[in-house]
Amino acid sequence: MTKSVKQTPMMEQYMQLKAQYPDAFLFFRLGDFYELFNEDALKAAKILEITLTSRNKNAENPTPMCGVPHHSANDYIRKLVEAGHKVAICEQLDDPKLTKGMVRRDVVRVVTPGTIMEEGALTGKENHYLATFYISDDVYYLAYVDVTTGEIRLTSTTDEELFFNELRAIQARETVLTPALADRYLTKLKERVPSYYSIFEASDSSEVTTRFQLTVASAAEVKVLDYLFSYLRSVQKTENDYVQPVDRYEISDFLQMNHYTKSQLELTTSLRTNRKKGSLLWLLDQTKTAMGGRMLQRWLDKPLLSKKALEKRHQKVALLKQAFFERIELLNYLTNIYDLERLVTKISLGHANARDIDQLRYSLSQITPINQVLETLQAQKETPTFESLPQFDDLYEQIDHLLVDEPPLSITEGNIIRSGVNDTLDRYRDALTNGHQWLAELQQKEREKTGLKTLKVGYNKVFGYYIEISRLQAAQLNDSRYERKQTLANNERFITEELKELERTILSAQEKSESLEYELFTQLRQDILPFIPALQTLAHQVAALDVLANFATISEQEAYTQAIICNQAGDFELTQSRHPVVERLIGTTNFVANDLTIHPDQFMLLLTGPNMSGKSTYMRQVAYCVILNQIGCFVPAKFARLPLVDKIFTRIGSSDDISSGQSTFMVEMMETNTAIRQATPRSLLLFDELGRGTATYDGMALAEAIIDYIAHEVKATTIFSTHYHELTTLVERLPMLKNIHVGASEKDGKVVFLHKILDGPADKSYGIHVADLAGLPKSLIIQSQHVLQQLEEQAPIRQGEQAITLFDAEQLESAAQTTHHGKIIEQLRAIDLNQTTPIDALQLLMSIQSQL
Ligand code: ADP
């Protein structure tokens, strides 16, 4: 006989709700706890490191269960979401005290990685995006929203590569897509764009174009926004009134860099540590507000292409840079401004407490002095450089009128509203104050009546007011008015009719005043709602001011200069330019500044020089100057003239994409392919040691062909570093190519790097010197010197000597063959036995053996 398992009504309610949220942990509210059951309990107990129990211990199949207290649930929710899960929060919809039978329950919100707003889960200076996309007629529409700030952006492209790149650049915490798109793209997306992927089938739809202030939206744009917001509604279960107007942009309106280039250039994270330290952002970011920090990151990701817009930014930076005292003052006021964007969102969602409103008040109080500084700054200017910030005097007054100076966190326990602003509240407060007076009087009266000098009136949350005397005295007390209430170790607590009456008056005054304060507070919060769009505009202006003041500070501290923006593509002039991050790390005095001249007629540089001499540093610093200029900052140089670059492609350093499972060379060729196909004459290409990943001759052959292709087809500004000296003769037939090299000199057989960029080709590659510096065994160094000498004697291939063309490979190979045996004999002769360790000897033997 099988026993049918009958669920309790509550468990039935649970099961029903859980069935609606299969992909989330269901936090089921039971009194003061959120409980999890079954699979959820098993998994959550592990992740959260909490005790697993069971619900009906004695049953045959007890239900696994674990729980977290509701007042500390936020931490647990955050932990689960950060571990890549969703949490559905189910609340009691009725007051259990007033309800007979089952309390109604429902999910009030689903917390997901892209919609979490819990404090601690957000990084102040980072955006927190939820993204989605839609494909229609081969156009990719990408929409993303930061629910913590209300920013929403929309772009489209026909280029799949560009779409993937943009999606990756925004670093969405969560990307939501329809089941149909998931079928087609999920695998590919997961390989290329790290994010948390949610699959969601939209069921509702509403008009977005008016609500999100997007005029003339195409059907596809409406669709993608609709979808995004129907997902948001499905998890947040609220309206998103705080969402800002849609910011629609074209990817091609900004300087484009693909993910690979950004990471190679270490714009926001260092390659070696994957941390912010050591990156350009790390160097730049001294912003004072969270909004400013986020804006700086966005600017760095999207440098401008508009000369007019950039000159405006430069003008502001110049003014702020030169006005030292005003800038310091401004920075002080900015430091006092809280995260207005996120505060506004909290207010709109009804999550803001009195501290949040206090932060808004304090922030608003900084606007007038900031405007005064801006006025002084441009006092002598004919046309104003800065617009003044919008002031919110009335709103400030309204808040300041009601809110006490340092309000508490809780909005239900009073002490939020000032005295003298509401008559009813004042009356309750009088009762409370008088109540305390009455209690003191009662205590005095009872002491006299009983003759007990230590008798006292006290209060505790559970038992209310009481009269306390020692147990000894209580035993002797003979007063019928005294009713025993609680017995402690040494004391007895009593209550009298009179005290009961007093308690009722005081507690009801307390309760009433608390609820009135709550009401007044929520009304105040409500009254702020109409100001939200204007406050968001203020937040933008503050953020921009913060970033520009930041640029001014860094430009002054690090002696940067304002670049002249020229219209001609391929026209670069940098005098005494530096790599800002390396300079910061090794110190200004240790860094050797370098010049750069690129001309529209000679737009390619072939850079030769020993390894470790500073070739890639030089190339990076050119890219940094371009980027800094195009975000509106000054550049690390004495003088700078720069064109506006539309795209930057790099192939720098030897770090390969091991994680993708492709060989260095393959990645190199793929990157090169992207670069030469997408670059325009306005682009900047930086190729470091291209072709190194394959055999000498095909590497060299490819390198030459690529240079040729860029020279004639792409015509992009290019710096090409190489250790193939053979390539330096290319200048003879390519007038657009110029040789430069990093200087090195030899001292006592050791190489000394000068880090100085000079005209012309390098005289030799110093490879063996570098190997020597790296501490390779002496015998090995000696052997390589011999091999080199003989190779050079047989086949002089170095520039300045009889240059061979690339395709003299056979000649070189046979030369190498004939020297083979002689080489070994030479090697044996060269051994200095007194200086050779047994290990060196063994290695040498091994090398000889393998050569034979
Ligand atoms: P390469 O690309 O030629 O192998 P790098 O550009 O990686 O060399 O530079 C190697 C190291 O040399 C850098 O880490 C830096 O410390 C130092 N360096 C490079 N350029 C300079 C410079 N202009 N002044 C001082 N030190 C430099």
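This report concerns the structure included in the present document. (Residues numbered from 1 in each chain as written. Predicted model: local features only at pLDDT ≥ 70, side-chain atom pairs only at ≥ 80, totals over all residues. Heavy atoms only, no water.)

### Observations regarding the overall build of the protein
For the protein, the helix and strand inventory stands at 27 helices and 27 strands. Compactness check: the protein gives a C-alpha radius of gyration of 37 Å against a globular reference of 29 Å for 852 residues, more than 25% above the reference. By its C-alpha atoms, the protein is 125 × 90 × 65 Å across when sized along the principal axes. Sorting the 852 residues of the protein into buried and exposed places 50% on the buried side. For the protein, long-range pairs separated by at least 24 residues make up 67% of all intrachain contacts whose partners lie at least 6 apart in sequence. In the structure as shown, the protein presents an accessible area of about 41500 Å², 51% of it carried by carbon and sulfur atoms. (Helix = DSSP H or I, 4+ residues; strand = E, 2+ residues; numbered from the N terminus. Rg over C-alpha atoms; globule rule 2.2 N^0.38 Å. Buried < 20%, exposed > 50% of the residue type's maximum accessible area, 1.4 Å probe, protein only. Contact = heavy atoms within 4.5 Å. Areas by Shrake-Rupley, 256 points an atom, 1.4 Å probe, with all protein chains shown as cover.)

### Considering the sheet that holds strand β13 (residues 256–257)
In space, the seven strands of this open sheet follow the order β13-β23-β24-β25-β21-β26-β27, with mixed pairing throughout. Edge strands, defined here as strands with exactly one partner in the open sheet, are β13 and β27 (750–759). Two elements, strand β23 (residues 647–651) and strand β24 (residues 684–688), share four bridges in a ladder whose sense is parallel. Each bridged residue has a counterpart across the sheet, and for F649 the counterpart in β24 is L685. (Pairing = 2+ DSSP bridges.)

### Here we look at the site of the ligand
Neighbouring the ligand are 14 residues; V592, M612, K615, S616 and T617 lie closest to it. Within the backbone of G614, a nitrogen or oxygen atom sits 3.0 Å from an oxygen atom of the ligand. A distance of 2.8 Å is found between an oxygen atom of the ligand and a backbone nitrogen or oxygen belonging to S616. For the ligand, whose unbound accessible area comes to 560 Å², protein coverage reaches 78%. Here the shell around the ligand takes three residues from helix α21 (residues 615–631), the largest share from any one element. (Near = heavy atom within 4 Å. Polar contact = N/O pair within 3.5 Å; in protein donor to acceptor, adjacent residues only side chain to side chain.)

### Examining empty space enclosed by the protein
Any space left empty among the atoms is revealed by the rolling of a water-sized probe across them. Throughout the structure, instances matching the rule amount to two cavities of 30 Å³ or more. In this structure, the largest cavity spans a volume of roughly 40 Å³. Along its surface, the largest cavity is lined by S779, I782, Q783, Q827, A830, I831 and L844. Among the secondary structure elements, those contributing two or more residues to the lining of the largest cavity are α25 (778–794) and α26 (809–830). Of all the elements, α25 adds the most residues to the lining of the largest cavity, at three residues. Grouping the constituent residues of the lining of the largest cavity by class yields four nonpolar, three polar and no charged. Taken as a whole, the second largest cavity holds about 30 Å³ of empty space. Taken together, A569, G570, F572, P643, L644, V645, R682, S683, L684 and T717 form the lining of the second largest cavity. Looking at the lining of the second largest cavity, its residues break down into six nonpolar, three polar and one charged. (1 Å grid on protein atoms, 1.4 Å probe; cavity = no way out; pocket = protein on both sides within 12 Å on 5 of 7 lines; lining within 4 Å. Points joined across faces, edges and corners; volume = space filled by probe spheres on them. Nonpolar A, V, L, I, M, F, W, Y, C, P; charged D, E, K, R; others polar.)

### Observations concerning the packing of aromatic side chains
Applying the stated criterion across every chain, the model contains 19 aromatic pairs. Summarising the aromatic geometry, the rings of F133 and Y185 are spaced 6.0 Å apart at their centres and angled 90° between planes, so their arrangement reads as edge-to-face. Residue F133 is located in strand β7 (residues 129–136), and its partner Y185 is located in helix α5 (residues 179–192); the two are separated by 52 residues in the primary sequence. Here F133 falls in the buried class, since its relative accessible area comes to 2%. An angle of 70° between the planes, with centres 5.1 Å apart, marks the rings of F200 and Y231 as edge-to-face. (Phe/Tyr/Trp six-rings, centres within 6.5 Å; stacked < 30°, edge-to-face > 60°.)

### Details of the environment of E556
Structurally, E556 is set in helix α19 (residues 532–557). Measuring from C-alpha to C-alpha, the distance between E556 and A318 comes to 9.6 Å, with 238 residues separating the pair along the chain. Setting aside chain neighbours within four positions, we find E556 in contact with K321, F324 and R327.

### Concerning the pattern of salt bridges
For the coordinates displayed, the defined rule picks out 46 salt bridges. Between K302 and E166 there is a salt bridge; the shortest N-O distance is 2.7 Å. Taken as a pair, K302 in the loop between α9 (290–301) and α10 (307–322) and E166 in helix α4 (residues 160–170) lie far apart in primary sequence, 136 residues in all. Pair check on accessibility: K302 and E166 agree, each one buried. Of the charged contacts, one joins R481 and E446 as a salt bridge, the two residues approaching to 2.9 Å between their closest N and O atoms. Of this pair, R481 sits in the loop between α17 (471–476) and β16 (483–487) while E446 is found in helix α16 (residues 423–450), placing the two residues 35 residues apart along the sequence. One salt-bridge network, held together by shared partners, links D358, R361, D400, D405 and R418. (Salt bridge = Lys/Arg side-chain N within 4 Å of Asp/Glu carboxyl O.)

### Describing helix α12 (residues 340–349)
Burial runs high along α12: ten of the ten residues are buried. Every buried residue of α12 is listed here: L340, E341, R342, L343, V344, T345, K346, I347, S348 and L349. Looking at the buried positions of α12, the neighbouring elements they touch are β8 (139–146), β9 (151–157), α9, α13 (354–364), α18 (497–528) and α19. Positive phi shows up at G350, right after α12, with a value of about 75°.

### Topic: the pairing of strand β25 (residues 717–722)
Taken across its six residues, β25 has six buried, putting it largely inside the fold. A two-sided burial pattern is seen for β25, the buried positions comprising T717, I719 and S721 on one face and T718, F720 and T722 on the other. In this sheet, β25 lies alongside strand β21 (residues 604–608) in parallel orientation, the contact comprising five bridges. Directly across from T608, in β25, lies its bridge partner T722. As judged from the five bridges shared by β24 and β25, these two strands associate in the parallel manner. Looking at β25, one finds that D688 is bridged to S721.

### Digging into the side chain of D546
Turning to its location among the elements, D546 is positioned in helix α19. Look at D546: it is buried, it has no salt bridge, and the nearest opposite charge is K125 at 6.6 Å. Here the side chain of D546 touches K288 through a polar contact of 3.0 Å, landing on its backbone nitrogen. In contact with D546, other than residues within four places in its own chain, are T287, K288, T289, G292 and L334. (Lys, Arg positive; Asp, Glu negative; His and termini not counted.)

### A word on the sheet that holds strand β12 (residues 247–248)
Strand order in the open sheet formed by six strands is β11-β10-β7-β8-β9-β12, with mixed pairing between adjacent strands. Edge positions in the open sheet fall to β11 (196–199) and β12, since each of these has one partner strand only. Of the pairings in the sheet, the one linking β7 to β8 comprises eight bridges and is antiparallel in character. The partner of L130 across the bridge, within β8, is V145. Lying over the sheet, helix α6 (residues 219–236) contacts β7, β8, β9, β10 (174–177), β11 and β12, oriented at roughly 140° with respect to β7. (Axes fitted to C-alpha atoms, helices over the stretch in contact; angles between N-to-C directions.)

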